[in-house]
Each structure stands twice: as C-alpha cells, then as structure tokens.
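# Coordinate inspection notes
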Amino acid sequence: MNFLQLCGALRRETIDSGSGPSAVTGQSGELNRIVNWIADAWTEIQLSRTDWLWLRRNFTVNTVASTESYAYTSCTDSTSAVAIDRFSRWYEGVDINGFPYFSCYLAATGVSDQQSIYSIGWDRFRRIYQFGTQTDARPVHVAVGPDRKFYLGPKPDAVYTVGGTFQRGSQTLAANENEPEMPAEFHSLIVYEAMAKYGGHRVAPEAMLRAVSEGGRLRSSLELSQLPPMTYGDALA
C-alpha cells in the first residue's frame, strides 16, 4: 500500500461514516490527524530497531592518500549506485559468521587484493593512530568517530576501494504514492500502529485492543522476517 492507501485503510478501521482522505496534503481536522498518525507510525516502526534488514545496504568508497576519515556522503550506496542520502550507522565488528564488515583492496590491483579491515574502539584508535609520528600504509583498522565518520588506520598510502555495510536512515512518507520500504505483506502493521494513536486520542478501547492484539502478531512476524538471525555466545568456562 502507498501512503494514501494506508490513510484510507486507517479511516475505514476507525471512522464509521464519510470517506477520504483524497490526498495526504491540504487536509485539516480528523483527516489531517489520520495522515499524521500514519506518517508517525511508519517512522516509529523504523526507529524501533537499529537492524531492520530492509534498511541494510552495502557501500564502497575510494580513499584519498593520507586522508583518514570518510563521511557517508562520500560513499556510494551499492544498491542505488549513487551517494548515500539516508544514513543511520555503520556496521562495525564482525557479522554472524565472524567476518569483518569492512574490507579494502588496492584500486589499481582490483578485488583479487581484497582484505579485511578490523574494527577497534574509537579511544583505542586515537591512541594508536593519532598519537605521535605516523606513517601512511595500507589500512588494517577502522573506527567510527563521534562525528559518525569512519576512520582508517594507518592513513592510506594510495587509492584503496573500501567496502562495508551501513544502515539507512528512516524513510519519510510525504506524497500520495510513497510506499513504505519494508515488505508489502507487513504494511498493515503501520495501520495498526496508527490505530493505537487514534485509540489514545479518542479514548477508544476497542481500537486500542485491536491495535495491540492484531498488530502485535503482525509485528512478531515482521521481526522474524526482517531481523538478523540470533546467534549464541561462547560456552561459559
């Protein structure tokens, strides 16, 4: 469902008479609240987790010699093939198989030269790579700074192609035809989450009950589908 269809679904679930909205802009009163409840519900679903799979993307960036830090705006989204425009966080550490998210290869050589780059904490990075005399070389460590840029250590001595994974920022619904990016079979969850807002505003316990019971089941299904698989830690000694 697109934004307008979601608003229509919310109205049908909560208001007995009338029709609409006919658009997501230019509304007032109850219809304006419906539009806002849908938009806010979608934003809150996205923000409720930091690891939704539909917001996960890969990226690449070519380093500049002697330049240690890189902002997301300098990186290319591997899916859209353009600069990252919505950003939440970099994936640090290792994936569920124990492989580092970051890697690099000498651009002049190509992917046959690809090697992992290991994440370390920001304070450790500063002590190792921003203390005393440094020599440019092939990066072996990466850290995320307080400015949300990632930093390479040592500073690259040539052009390397760095790759990794990032989490996109939240999508904002603004136009009639905008469709939520999560899988379509879960779009009704947005309506249920918005119903809870309606129930609180109208003191409508029946709407709140449906939002909690039916929406809760759908959210559980969404989490099973769109969260990384659980992993187990090492055995206790």
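Here, every reference points to the structure presented above.
These notes cover the structure that comes with them.

The rules behind each value
- Residues numbered from 1 in each chain as written.
- Predicted model: local features only at pLDDT ≥ 70, side-chain atom pairs only at ≥ 80, totals over all residues.
- Heavy atoms only, no water.
- Salt bridge = Lys/Arg side-chain N within 4 Å of Asp/Glu carboxyl O.
- Helix = DSSP H or I, 4+ residues; strand = E, 2+ residues; numbered from the N terminus.
- Buried < 20%, exposed > 50% of the residue type's maximum accessible area, 1.4 Å probe, protein only.
- Phe/Tyr/Trp six-rings, centres within 6.5 Å; stacked < 30°, edge-to-face > 60°.
- Lys NZ or Arg CZ within 6 Å of the ring centre and 35° of its normal.

This paragraph deals with the pattern of salt bridges. For the structure shown, the criterion picks out 13 salt bridges. The residue Arg168 makes a salt bridge to Glu181 at a minimum N-O spacing of 3.3 Å. On the criterion of sequence distance, the pair formed by Arg168 in the loop between strand 9 (160–167) and helix 4 (188–202) and Glu181 in the loop between strand 9 and helix 4 is long-range, its members being 13 residues apart. Using a relative accessible area of 30% as the deciding quantity, one classes Glu181 as partly exposed. Between Glu193 and Arg219 there is a salt bridge; the shortest N-O distance is 3.4 Å. Here Arg219 lies in helix 5 (residues 205–226) and Glu193 lies in helix 4, a separation of 26 residues in the sequence. One continuous salt-bridge network, built from bridges that share partners, spans Asp85, Arg86, Arg168 and Glu181.

One pass over the structure, following the stated rule, counts 18 aromatic pairs. Judged by centre distance (6.0 Å) and plane angle (85°), the rings of Trp37 and Tyr198 are edge-to-face. Here Tyr198 lies in helix 4 and Trp37 lies in helix 2 (residues 29–47), a separation of 161 residues in the sequence. As far as burial versus exposure is concerned, Trp37 and Tyr198 are alike and both buried. Measuring from centroid to centroid gives 5.8 Å for Phe59 and Phe150, while their planes differ by 40°, and the two rings are tilted. Residue Phe59 is found in strand 1 (residues 56–62), and its partner Phe150 is found in strand 8 (residues 150–153); the two are separated by 91 residues along the sequence. There is no split in this pair, since Phe59 and Phe150 are both buried. Through a chain of ring-to-ring contacts, three or more aromatic side chains come together here, namely Phe59, Tyr70, Tyr72, Phe87, Trp90, Phe102, Phe150 and Phe166. Directly above the aromatic system of Tyr91 lies the positively charged group of Arg89, at a separation of 4.1 Å from the ring centroid. The ring of Phe131 has Arg127 lying over it, and the distance from NZ or CZ to the ring centre is 3.9 Å.

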